[in-house]
Amino acid sequence: PKQSKPLKPKQLALDCMSPAKAVLWTVEPPSTPGEPVFSIRQENGSDILSIQAGRLEPSKTTVRVLLPGDGPENGAIWQKNFANYVSFLCRANKPVEMTMHLLQRGKPAGTYQSRFSVQPGEWQRVILPVSSFKLKSFSSIAGLGFRVVSSDKDAEVSIKDISVAGVPYTDDSWKSQK
């Protein structure tokens, strides 16, 4: 039988929290005046998104960014590099249930979302397959966001090292999934 060539996906770090991009992050709907519900800071050479989870309206408030270049310079490139999951490091001071959102122009922030949990303590790797967002590919993704589903009032979540990548498939790996 003819063997198909394995894909060679690349891991692509998303430059969405560097100082130049940090100003693009917003809260939707806009938060009430007072202390900000999120910040982006540097820690040990990493850019970190810090979300005051307890101050967000559960399942409604989105901390989000539309990336420069929209879908053609983001999701379409991720797709061409065979990306099939998004990954990031996350930590919290208290248990938090959250959703990550993949944003497309013209679609509400809650259209493509995937749920994850964060436990207190050390950094945890979160890996969300594109299929968990009820999408077949990243092709038209123009941005990303995070929402809190449930948390304690004073919970804080930190997120860093957001990337997209792919798992290479071979004929044998497909057989093992059937």
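Before any of the text, the structure's been laid out above.
So, how was this worked out
Residues numbered from 1 in each chain as written. Predicted model: local features only at pLDDT ≥ 70, side-chain atom pairs only at ≥ 80, totals over all residues. Heavy atoms only, no water. Phe/Tyr/Trp six-rings, centres within 6.5 Å; stacked < 30°, edge-to-face > 60°. Helix = DSSP H or I, 4+ residues; strand = E, 2+ residues; numbered from the N terminus. Buried < 20%, exposed > 50% of the residue type's maximum accessible area, 1.4 Å probe, protein only. Lys NZ or Arg CZ within 6 Å of the ring centre and 35° of its normal. Pairing = 2+ DSSP bridges. Axes fitted to C-alpha atoms, helices over the stretch in contact; angles between N-to-C directions.

Trainee: Could you give an account of the packing of aromatic side chains, naming the residues involved and the relevant values?
Mentor: A full pass over the atoms with the stated rule returns four aromatic pairs. Both rings, one in Phe88 and one in Phe116, keep their centres 5.2 Å apart while their planes meet at 70 degrees; by these two values the pair is edge-to-face. Of this pair, Phe88 sits in strand 6 (residues 85–92) while Phe116 sits in strand 8 (residues 112–118), and the two are 28 residues apart along the sequence. Accessibility classification places Phe88 together with Phe116 in one group, the buried group. Ring centres of Phe116 and Phe146 lie 6.4 Å apart, and the angle between their planes is 85 degrees; this geometry places the pair in the edge-to-face category. One end of the pair, Phe116, is in strand 8; the other, Phe146, is in strand 10 (residues 143–151), and 30 residues separate them in sequence. For Phe146, a relative accessible area of 0% translates into the label buried. Taken together, the aromatic side chains of Phe88, Phe116 and Phe146 make up a single cluster linked through ring pairs. Here the basic side chain of Lys160 rests over the ring of Trp123, its NZ or CZ set 4.5 Å away from the ring centre.

Trainee: So, the sheet that holds strand 8: which residues are in play, and what are the values?
Mentor: Here we have five strands laid out as an open sheet, ordered 2-5-10-7-8, and antiparallel in their pairing. On the outer flanks of this sheet lie strand 2 (26–28) and strand 8, each paired with one strand and no other. Pairwise comparison of adjacent strand axes, ignoring direction, gives a mean angle of 25 degrees for this sheet. Pairing geometry for strand 2 and strand 5 (residues 62–66), over three bridges, is antiparallel. Looking at strand 5, one finds that Thr26 is bridged to Arg64.

Trainee: So what about the pairing of strand 3 (residues 38–43)? Which residues, and what values?
Mentor: Pairing of strand 3 with strand 4 (residues 46–51), which is carried by six bridges, proceeds in the antiparallel orientation. Bridge pairing links Ile40 to Leu49 in strand 4. Connecting the antiparallel pair strand 3 and strand 4 is a turn made up of two residues, with Asn44 showing a positive phi of about 50 degrees.

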